[in-house]
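A closer look at the structure
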Amino acid sequence: MHTEDTGHDLRHHGDAEVRDDGSALVDLAVNVRADTPPIWLRERIAASLGSLAAYPDGRAARAAVAARHGLPVERVLLTAGAAEAFVLLARALKVHRPVVVHPQFTEPEAALRDAGHTVDRVLLRAADGFRLDPAAVPEDADLVVIGNPTNPTSVLHPARDIVRLARPGRTLVVDEAFMDAVPGEREALAGRTDVPGLVVLRSLTKTWGLAGLRIGYALAPAEIVAELARAQPLWPVSTPALAAAQACVAPRALAEAGHAAHRIAADRAHLVAGLADFADRGVRVAGPAEGPFVLVRMAGAARVRHRLRDLGYAVRRGDTFPGLGEEWVRIAVRDRATVNGFLKALSAALP
């Protein structure tokens, strides 16, 4: 159990690897699906531009998200990406002992610290496969944040284990930003109303390639949604983002995302098999990986990362994640041709 920040750069994200001098690199650092957004989605967003003179009206998109998860609209809050939801939770909820389960996406902790909270950490261990032990979370924690599947470990925690974290008087935040990349969305908690204090966050930017548009949503009890909404600025989600939200939860889009999830799983298996060939050179994949990225341990990872850049490939450094050191990197799952090129480069980059 840790409270103090040990100097991790919580604001470092994968996009930093492909900015400026990294813009020409093959991107295996950012967890956004590569072949997106599809043309039909771009057309839907473009069609919304004719109504930009009017203020955004989120009612139809909110209703569409609610219908997609079988929930009343009062349990849905549309946000400017899942990242906005972390800021709202940190600012709006009256919490005394927030706990973040690491390694995971660092923005929830950064938002809590910025809002003046002292944050406790539960660090999951590589030796345990970064699996959640519900008993490791302190009983008096009144806000618990966990990702599922977790960025950057790619671990998919059993829903039953996460539900064991729920308590009366506790807000349980589950970041499901990558759940639609899991075939069948197994272990998802989105749509559950029987878990007290459950807040599920979803992003539409990863699967649909909309990071530049900022669209996501929170699913929570109506009273929590109302509290978060009061902390939002007026019209927080733009008209094009609302159009995207409506399109991305429609049956056609859900079917397409389902197909993509199976393709990602096959491409990930190809990447993991390729990485296994370097086991004799000290490469280890954390697993089993279930997300659209894999976490990899290798000796001299910083040096390997820089050599990969020279060879044209960007991967995500792991040492900015609490619970990981500089021997870790995160690698996004890409198509087989891209992966094959990367594995060839990795062979040259490894000592």
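Residues numbered from 1 in each chain as written. Predicted model: local features only at pLDDT ≥ 70, side-chain atom pairs only at ≥ 80, totals over all residues. Heavy atoms only, no water.

**Re the overall build of the protein**
- Counting secondary structure elements, the protein contains eleven helices and twelve strands.
- Relative to a compact globule of 351 residues, whose C-alpha radius of gyration would be 20 Å, the protein shows 20 Å and is just as compact.
- Projecting the C-alpha coordinates of the protein onto the three principal axes gives extents of approximately 55 × 50 × 35 Å.
- Long-range pairs, those at least 24 residues apart, make up 76% of the contacts in the protein between residues at least 6 apart in sequence. (Helix = DSSP H or I, 4+ residues; strand = E, 2+ residues; numbered from the N terminus. Rg over C-alpha atoms; globule rule 2.2 N^0.38 Å. Contact = heavy atoms within 4.5 Å.)

**Some remarks on the packing of helix 10 (residues 301–310) against helix 11 (residues 336–349)**
- Put simply, helix 10 and helix 11 touch, their axes get as near as 9 Å, and they point 125 degrees apart. In terms of orientation, helix 10 and helix 11 fall into the oblique class. By crossing handedness, the relation of helix 10 to helix 11 is classed as right-handed. Side by side, helix 10 and helix 11 meet where Val 304, Arg 307 and Leu 308 of the first sit next to Phe 342, Ala 345, Leu 346, Ala 348 and Ala 349 of the second.
- A per-class count over the contact of helix 10 with helix 11 returns seven nonpolar, no polar and one charged. (Axes fitted to C-alpha atoms, helices over the stretch in contact; angles between N-to-C directions. Parallel < 35°, antiparallel > 145°, perpendicular 65-115°, else oblique. Left-handed = near helix turned anticlockwise from the far one by under 90°. Nonpolar A, V, L, I, M, F, W, Y, C, P; charged D, E, K, R; others polar.)

**Things to note about the pairing of strand 10 (residues 293–297)**
- Within strand 10, four of the five residues are buried, leaving the element largely enclosed by the surrounding structure.
- Bridge count for strand 9 (residues 284–285) against strand 10 is two bridges, and the pairing is antiparallel. By the bridge assignment, Val 285 is partnered in strand 10 with Val 296.
- Here strand 10 pairs with strand 12 (residues 328–332) via five bridges, running antiparallel. The residue bridging Leu 295 from the neighbouring strand is Arg 330, located in strand 12. (Buried < 20%, exposed > 50% of the residue type's maximum accessible area, 1.4 Å probe, protein only. Pairing = 2+ DSSP bridges.)

**Regarding the nonpolar core**
- Leu 41 and Trp 208 are the most contacted members of the largest nonpolar core, which has 53 residues in total.
- Counting only domains with at least three residues in this core, you end up with domain 1 (14–35 + 254–349) and domain 2 (41–251).
- Leaving out residues up to four positions away in the same chain, Trp 208 has contacts with Thr 36, Pro 37, Pro 38, Trp 40, Leu 41, Cys 248, Ala 253, Glu 256 and Ala 257.
- In this structure, Ala 289, Val 296, Val 304 and Leu 346 belong to the second largest nonpolar core, which totals 26 residues. (Core = buried A, V, L, I, M, F, W, Y, C linked by side-chain atoms within 4.5 Å. Domains from an automatic or database assignment.)

**Notes on the sheet that holds strand 11 (residues 313–317)**
- Across the sheet, which stays open at both edges, the five strands sit in the order 1-11-12-10-9 with mixed pairing between neighbours. Lying at the two open borders of the sheet, with one neighbouring strand each, are strand 1 (26–28) and strand 9.
- Along the sheet, helix 9 (residues 251–276) contacts strand 9, strand 10 and strand 12; its crossing angle with strand 10, the most-contacted strand, is approximately 10 degrees.
- Of the strands in this sheet, strand 11 and strand 12 are in contact with helix 10, which crosses strand 11 at around 155 degrees.

**Here we look at the side chain of Thr 239**
- Examined against the element boundaries, Thr 239 turns out to sit in helix 8 (residues 239–248).
- In this structure, Thr 239 is in contact with Ser 48, Ser 51, Leu 52, Ala 54 and Pro 56, ignoring residues within four places of it in sequence.

**Details of helix 9**
- For helix 9, which comprises 26 residues, the first-to-last C-alpha distance of 37 Å matches the rise-based estimate of 38 Å (1.5 Å per residue) to within 8%.
- Those residues of helix 9 not exposed but buried are Ala 253, Ala 257, Ala 260, Ala 261, Ile 264, Asp 267, Arg 268, Leu 271, Gly 274 and Leu 275. (Expected span 1.5 Å × (residues − 1).)

**Concerning the domain arrangement of the protein**
- When cut into domains, the protein gives domain 1 (14–35 + 254–349) and domain 2 (41–251).
- Placing a centre on the C-alpha atoms of domain 1 and another on those of domain 2 gives a separation of 25 Å.
- Counting residues at the interface gives 28 residues for domain 1, matched by 34 residues for domain 2.
- When domain 1 packs against domain 2, close to 2500 Å² is buried across both sides, 65% of that on carbon and sulfur atoms.
- The interface formed by domain 1 and domain 2 contains one salt bridge.
- Note that Glu 290 and Arg 186 form a salt bridge whose closest N and O atoms lie 2.8 Å from each other.
- Elements with a contribution of two residues or more to the side of domain 1 that touches domain 2: helix 9, strand 10 and strand 12.
- Among the elements that take part in the side of domain 1 that touches domain 2, helix 9 stands out by supplying eight residues, more than any other.
- Its residues assigned to classes, the side of domain 1 that touches domain 2 comprises 18 nonpolar, five polar and five charged. (Buried area = accessible area lost by both parts, 1.4 Å probe. Salt bridge = Lys/Arg side-chain N within 4 Å of Asp/Glu carboxyl O.)

**Regarding the packing of helix 2 (residues 59–69) against helix 8**
- At their nearest, the axes of helix 2 and helix 8 sit 9 Å apart, and the two run at 25 degrees to each other. Comparing their axes, helix 8 and helix 2 come out roughly parallel. As helix 2 runs across helix 8, the sense of the crossing is left-handed. Residues Ala 60, Ala 61 and Ala 64 of helix 2 lie in contact with helix 8, whose contacting residues are Leu 242, Ala 245 and Gln 246.
- Considering only residue class, the contact of helix 2 with helix 8 consists of five nonpolar, one polar and no charged.

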